Structure formats: structure tokens, C-alpha cells
Amino acid sequence: MIYVLKNDKLTVKISSFGAVMTSVVGADGCEYMWQGDEKYWEDTAPWLFPICGRLPNGQYTYGGRTFEMECHGFAQASEFEAKEVSDTSLTLVLAANEQTKKQYPFDFVFSISYTLTGARLSCRLSVENKGTELLPATFGGHPGFNIPLDGESDFSDWRLEFDKPCYPDSVIFTDSLQDSGKRVAYPLEDSRIFRLSRDLFRIDGVFLTGMAQSVTLCSDKAARSVTVSYGDATYLGVWTSDNDGPFICIEPWWGMATQEGSVALEEKCNMFRLPAGASHAADIVIDFK
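The following paragraphs examine the structure supplied in this document. Numbers given to residues run from 1 along each chain, matching the order in which its sequence is written. This being a predicted model, a pLDDT of at least 70 is required before a residue's local features are given, and a value of 80 or more before pairs of side-chain atoms are given or counted; all residues contribute to the totals for chains, interfaces and linings. Neither water nor hydrogens contribute to the side-chain values; these are computed over all heavy atoms in the structure.

1. Remarks on the pairing of strand β24 (residues 279-288)
Here a strand pair is declared whenever DSSP counts at least two bridges between the two strands. Each helix is a run of DSSP H or I of at least 4 residues and each strand a run of E of at least 2, with the numbering of both proceeding from the N terminus. Bridging between strand β10 (residues 120-129) and β24 involves 9 bridges; their strand directions are antiparallel. Paired with S122 across the strands is V285, a residue of β24. Strand direction decides the pairing type here: strand β20 (residues 226-229) and β24, joined by 4 bridges, are antiparallel. In the sheet register, T227 faces β24, and the bridge partner there is D287.

2. Digging into the packing of aromatic side chains
Geometry of aromatic contacts follows a simple scheme: Phe, Tyr and Trp rings, the Trp one being its six-membered ring, pair when their centres are within 6.5 Å, and the pair is stacked under 30 degrees between planes, edge-to-face over 60, tilted otherwise. Scanning the entire structure with this criterion turns up 25 aromatic pairs. Considering the side-chain rings of W34 and Y40, the 6.2 Å spacing of their centres and the 70° angle between planes classify their relative orientation as edge-to-face. The buried label applies to any residue whose accessible area, calculated with a 1.4 Å probe on protein chains only, is under 20% of its type's maximum; exposed applies above 50%, and partly exposed to all values in between. Since its relative accessible area comes to 22%, Y40 is described here as partly exposed. Ring centres 5.2 Å apart and planes at 55° place the aromatic pair F49 and F108 in the tilted group. Taken together, the positions of F49 in the loop between β4 (47-48) and β5 (59-62) and F108 in strand β9 (residues 108-117) put the pair 59 residues apart, joining distant regions of the chain. Through successive ring pairs, a cluster of aromatic residues spans F49, Y62, F74, F80, Y104, F106, F108, F110, F139, W254 and F272. Note that R198 overlies the ring of F155, its terminal NZ or CZ placed 3.8 Å from the centroid. Charges are assigned to positions over rings by a cutoff of 6 Å between ring centre and Lys NZ or Arg CZ, combined with an angular limit of 35 degrees from the ring normal.

3. Things to note about the nonpolar core
We call a set of buried residues a nonpolar core when its members are Ala, Val, Leu, Ile, Met, Phe, Trp, Tyr or Cys and they connect through side-chain atoms within 4.5 Å of each other. In terms of nonpolar packing, the biggest core is built from 77 residues, with Y104, F110, Y114, F162, L196, L217 and F288 touching the most fellow members. Sequence-distant contacts of F288, that is, excluding residues within four places in its chain, are made with L10, V24, Y32, M33, A119, L121, F145, S225 and V226. With 8 residues, the next largest nonpolar core counts L48, F207, W253 and M256 among its residues. Should any heavy atoms of two residues lie within 4.5 Å, those residues are considered in contact.

4. Some words on the pattern of salt bridges
The salt bridge criterion pairs a side-chain nitrogen of Lys or Arg with a carboxyl oxygen of Asp or Glu, the two atoms within 4 Å. Summed over all chains, the structure comprises 15 salt bridges. A salt bridge links R183 to D179; the shortest N-O distance between them is 2.9 Å. The partly exposed category is assigned to R183, whose relative accessible area is 28%. Where salt bridges share partners, they join R159, E161, R192 and D220 into one cluster.

5. So, unusual backbone geometry
A cis amide bond links F49 with the next residue in sequence, P50, at an omega value of 5°. Position of P50 relative to the elements: it lies in the loop between β4 and β5. Omega for the bond connecting I147 with P148 falls within 30 degrees of zero, at 5°, which places this linkage in the cis form. The topology assignment puts P148 in the loop between β13 (144-146) and β14 (158-162). Its identity as a non-glycine residue notwithstanding, A19 has a phi of 60°, on the positive side. A positive phi angle is found at H72, which is not glycine, with a value near 70°. Relative to the helices and strands, H72 is located in the loop between β6 (65-68) and β7 (81-85). For H72, a relative accessible area of 12% corresponds to the buried category.

6. Re the layout of surface pockets
Roughly 410 Å³ of internal volume is contained in the largest pocket. Buried and open spaces are told apart on a 1 Å grid over the protein atoms alone, a cavity being a set of points where a 1.4 Å probe fits but cannot get out and a pocket being an open set with protein on both sides within 12 Å along at least five of seven lines. Residues with an atom within 4 Å of a point are the lining residues. Taken together, 19 residues form the lining of the largest pocket, with W41, R54, C71, H72 and H142 sitting closest to its centre. Only Asp, Glu, Lys and Arg are considered charged in this grouping, and only Ala, Val, Leu, Ile, Met, Phe, Trp, Tyr, Cys and Pro are considered nonpolar; every other residue, Gly among them, is considered polar. Residues of the lining of the largest pocket, tallied by class, amount to 9 nonpolar, 4 polar and 6 charged. Of the pockets and cavities examined, the second largest pocket occupies roughly 240 Å³. What lines the second largest pocket is simply V171, I172, F173, T174, D175, L177, L200, R202, I203, D204, G205 and V206. If you tally residues by element for the lining of the second largest pocket, the top one is strand β15 (residues 169-173), at 3 residues. Residue composition of the lining of the second largest pocket, by class: 7 nonpolar, 2 polar and 3 charged. Grid points are joined across faces, edges and corners, and a volume is the space filled by probe spheres set on the points.

7. Section: the environment of L160
For L160, the position within the fold is in strand β14. The exposure class of L160 is buried, given its relative accessible area of 1%. Separated by 43 residues in the primary sequence, L160 and T117 have C-alpha atoms spaced 24 Å apart. Once you skip the residues sitting within four places of it in the chain, L160 turns out to touch R192, I193, F194, L196, V215, T216, L217, V238 and I250.

8. Remarks on the sheet that holds strand β3 (residues 21-26)
Note on sheets: strands pair through backbone hydrogen bonds, and any given pair is parallel or antiparallel. Pairing is antiparallel in the open sheet, where 3 strands are placed in the order β1-β2-β3. Here the strands that pair on one side only, and so sit at the sheet edges, are β1 (2-6) and β3. Neighbour-to-neighbour, the strand axes of this sheet turn through a mean angle of 15°, independent of strand direction. Of the pairings in the sheet, the one linking strand β2 (residues 10-15) to β3 comprises 5 bridges and is antiparallel in character. What sits directly across from K13, in β3, is S23. For helices, the axis comes from a line fit to the C-alpha atoms of the stretch in contact; other axes are also lines fit to C-alpha atoms, and the angle between any two N-to-C directions lies between 0 and 180 degrees.

As far as function goes, none of this settles anything; it's purely spatial.
So, in C-alpha cells, the structure goes:
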């Protein structure tokens, strides 16, 4: 089902399948969100849960058992249930069920709450441990935004500009796109500007850690922009398809791909480990101009 949040600034469409934003249109008719195209990337803005990134050979072990799970987990391919619905707010919930337990043997509730205020869309991610054992989980966002937003400029005319000077490191991946554990300084222009170029994405994305807490997609040749704020997210991914897709993904992650050589979920880094009854929440706020 498609839900619509609307005010005088934005019209936002959200699907119950994956709880994903499928469209954000401004009052002037500008579509900010990538609409998906199999030629480049078929998704729009998936949510990542209960892992971010890849598992070695798509597998992990827990309690001596082996489980299989796709890259970024199963939330993106799950039907969510609406719990709260109004003209400007929506909460969608995924609870553990027979299908999730084939991949992830835990009792949980994962929810996404959207609130539309003016030209700002606030997204709250929350996971709650409904079981009796320690819950290992993490989450992240993967929203794709159209480039160019003005319909005229080139990809290379756009940049990401952090709200404060920062000195991030980049995550170094192995050939199988596992986390090597290595980090290398990623120099920003004037300690704030990440220039976009096609060559950056010929292999995969760039993932930063130690970055500022907000970044703006903008261009000197366009009046429109998108600002993504992500608070205490551990990582920020920047990605587009390697065949010149007309979009860019700005990805706040609280987790990361499994480190090379590790397959046990008990040892996986960058996971929340929640006691019975505990929960953890984080916010991603997107401002559209």
C-alpha cells in the first residue's frame, strides 16, 4: 500500500513494502527522489536491517547454526504494518515472524516513523528486543536522490558539503566488499567539500567515518538542494551505479559489512546488543530546498 504525507511544501509517498520513500515532490513539481530503473539501480530508498552491508558468502553463524541473509538484511523486502497514520505522519512496523526467523532467529520489532514538517521529513528508526536473549542488530538508510535536481547541470557540477569542517577516514574494503578493518584519511576540500565524480564509483561507493553530522547535496548551478542530517551515525556512504546512474545515494549507517574472516554474529562489529526489553532509536532528517 502507498501512503501519502502532504502539506503546502512537499508531497511524500511511502510504500508499506519495505517502508520506503518512493517519491518526494516539491510544490513546484520537482521530484527529489530517484525513481528506480533496472538499467542503473532498481530501488529508491531502502532501509537496512538487521545488518548493513554484506556477509561473507551471504552467511553467518549464531549459536552453532548457519543462517543465510542477503546484503543489507530483509527489511527492504518485507511488508510493514501501519500503526499510526495522519496527513503528515506515519509509523510502519515490522515484527519478527516465521519468514524473518528463517534468516534471523530473534524476536524484535523494527519501526520507521515519518513526520513531515514544512520542507523537512524526519525519519526515526527504532528496534526493540521482544525476546529473552541479547539482540544483535543494526540499521541504516540508503536514500537515492536525483542528479541533476534542476534537470540541466552535469553530475560533476554537484558536491556534498558538510555543515562543519571535519577530517574523516574512509573504510577500505576487500575484493569481496568485506570490511578489511583498515581506515585511510579521506581529504575533503576545505575540510568540508566532497566533490562528486563518476570515477569515484567505478568499483563501489565511498564510506566515511569520523565525518560531521549533516551534509548537503548542492551545486552552484542549481537553486535546489537536499540536506541529510544523521546525528550519531557511525558511517556515511556515498554511492551511485558504476554505469553513470543519474542519482546519488547518501547513506547513514550505524553498522558495516562484516570484517574479513569473521562469520559469527556474536563477534560481528558495529551492532547494537540489546538486552531483553531494551530498544534503540536514531533519527535521519532530510531537508528539501
